[in-house]
Amino acid sequence: MTITFITGANKGIGRETARRLVACGHTVLLGARDRERGEEAAAALGARFVPVDVTDDASVAAAAADVAEHEGRIDVLINNAGVQGPFADPDDLTAADARAVLDVNVIGVVRTTAAFLPLLRRSDDPVIINVSSGMGSLAFTHDPGRPESHVVVPLYASSKAALTMLTTQYARGLKGIRVNAADPGYTATDMNGHSGPQTLTEGTDAIVALATEGPGAGTGRFVDRHGEIAWS
């Protein structure tokens, strides 16, 4: 049975991904920093709650130790936890704002991946999925026909651009592990005030596809619900 650990999974994209993967037969470990919400979501979905705050070294190490004790391995790591940061005029952005966004969206992925690599390497078919965004694409944010080009969120967009590059570098450097990035698309979540035209199910299509494809599938890809998309 495939064992999947998902960060930031108590609501939104993460929770819907957990729900769908449980339905696919995965053993889902639902990671969240809010214990009450995490336990509620896990109980409702048939998953196991594992407390984790991706910005805290000790918390991430404790989560990995918890999984090592109970499951002994994971097959799929979904780095989903993310924050948008301030929707602010660039004149008003501060270093503290940048640090807070990068600590979750980029450094948190590094922190979590490093802690869970030993557990992934016990799998016969290890997979890492980084939940990125079209907001990190130079092509999308410069295409007037796409919604990404009409939004100004410098810290979020730059963090997702960094995450997609991190994905390609992991894909090249982590031998024997498939590492890919998924763009959920403009999906109705708390992050955007539920303004996105896509449903949560549509927004998780790419993540679920990557989590359920068989051995031998490609690495170093950036995909959305319609298929592979360009990195630029």
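So, here is what we can say about the structure in this document.

Quick word on the pairing of strand 1 (residues 3-6)
Regular strands have side chains that alternate between both faces of the sheet. Burial along strand 1 is two-sided: Ile3 and Phe5 facing one way and Thr4 and Ile6 facing the other are all buried. As paired elements, strand 1 and strand 2 (residues 27-32) share four bridges and run parallel to each other. Of the residues in strand 2, the one forming a bridge with Thr4 is Val28. In this view, the connection linking strand 1 to its parallel neighbour strand 2 by way of helix 1 (residues 12-23) has right-handed handedness.

Considering the layout of surface pockets
Using a probe with the size of a water molecule, rolled over the atoms, empty space left in the structure can be pinpointed. The calculated volume of the second largest pocket comes to roughly 190 Å³. Forming the boundary of the second largest pocket are 14 residues, of which Thr2, Asp75, Val76, Ser123 and Asp125 lie nearest the centre. Tallied by class, residues from the lining of the second largest pocket come to three nonpolar, four polar and seven charged.

Focus on the packing of helix 4 (residues 95-105) against helix 5 (residues 107-120)
It is at 3 Å that the axes of helix 4 and helix 5 come closest, and there the two elements cross at 30°. On the basis of the axis angle, helix 4 is roughly parallel to helix 5. Packed against helix 4, whose contacting residues are Leu102, Asp103, Val104 and Asn105, the element helix 5 presents Ile107, Gly108, Val109 and Arg111 at the interface. Classifying every residue of the contact of helix 4 with helix 5 gives four nonpolar, two polar and two charged.

Calculation notes
Note that residues are indexed from 1 along each chain, following the sequence as it is written. In view of the model being predicted, local features appear only for residues whose pLDDT reaches at least 70, and side-chain atom pairs are presented and counted only at 80 or more, with totals across whole chains, interfaces and linings using the full set of residues. To obtain the side-chain values, all non-hydrogen atoms of the structure were used and water was disregarded. Residue burial is assigned from relative accessible area. The probe radius is 1.4 Å, only protein chains are included, and a residue is buried under 20% of its type maximum, exposed over 50%, and partly exposed in between. Each helix corresponds to a stretch of at least 4 residues labelled H or I by DSSP, and each strand to a stretch of at least 2 residues labelled E; elements are numbered beginning at the N terminus. The pairing criterion is simple: DSSP has to find at least two bridges between the two strands. Assignment of crossover handedness uses the view with strands pointing away from the viewer, where a clockwise path from the first strand over the helix to the second indicates a right-handed crossover. Buriedness of a pocket was judged along seven lines, with at least five required to meet protein on both sides within 12 Å; pockets are open sets of points on a 1 Å grid over the protein atoms alone, cavities are sets where a 1.4 Å probe fits but cannot get out, and lining residues have an atom within 4 Å of a point. Grid points are joined across faces, edges and corners, and a volume is the space filled by probe spheres set on the points. Residues are sorted three ways: Asp, Glu, Lys and Arg are charged, Ala, Val, Leu, Ile, Met, Phe, Trp, Tyr, Cys and Pro are nonpolar, and all the rest, Gly among them, are polar. Here an axis means a line fitted to C-alpha atoms, over the contact stretch when the element is a helix, while the angle between two N-to-C directions is reported on a 0 to 180 degree scale. What sets the label is the angle itself: under 35 degrees gives roughly parallel, over 145 gives roughly antiparallel, 65 to 115 gives roughly perpendicular, and the rest give oblique. What makes two residues a contact is simply this: any of their non-hydrogen atoms within 4.5 Å.

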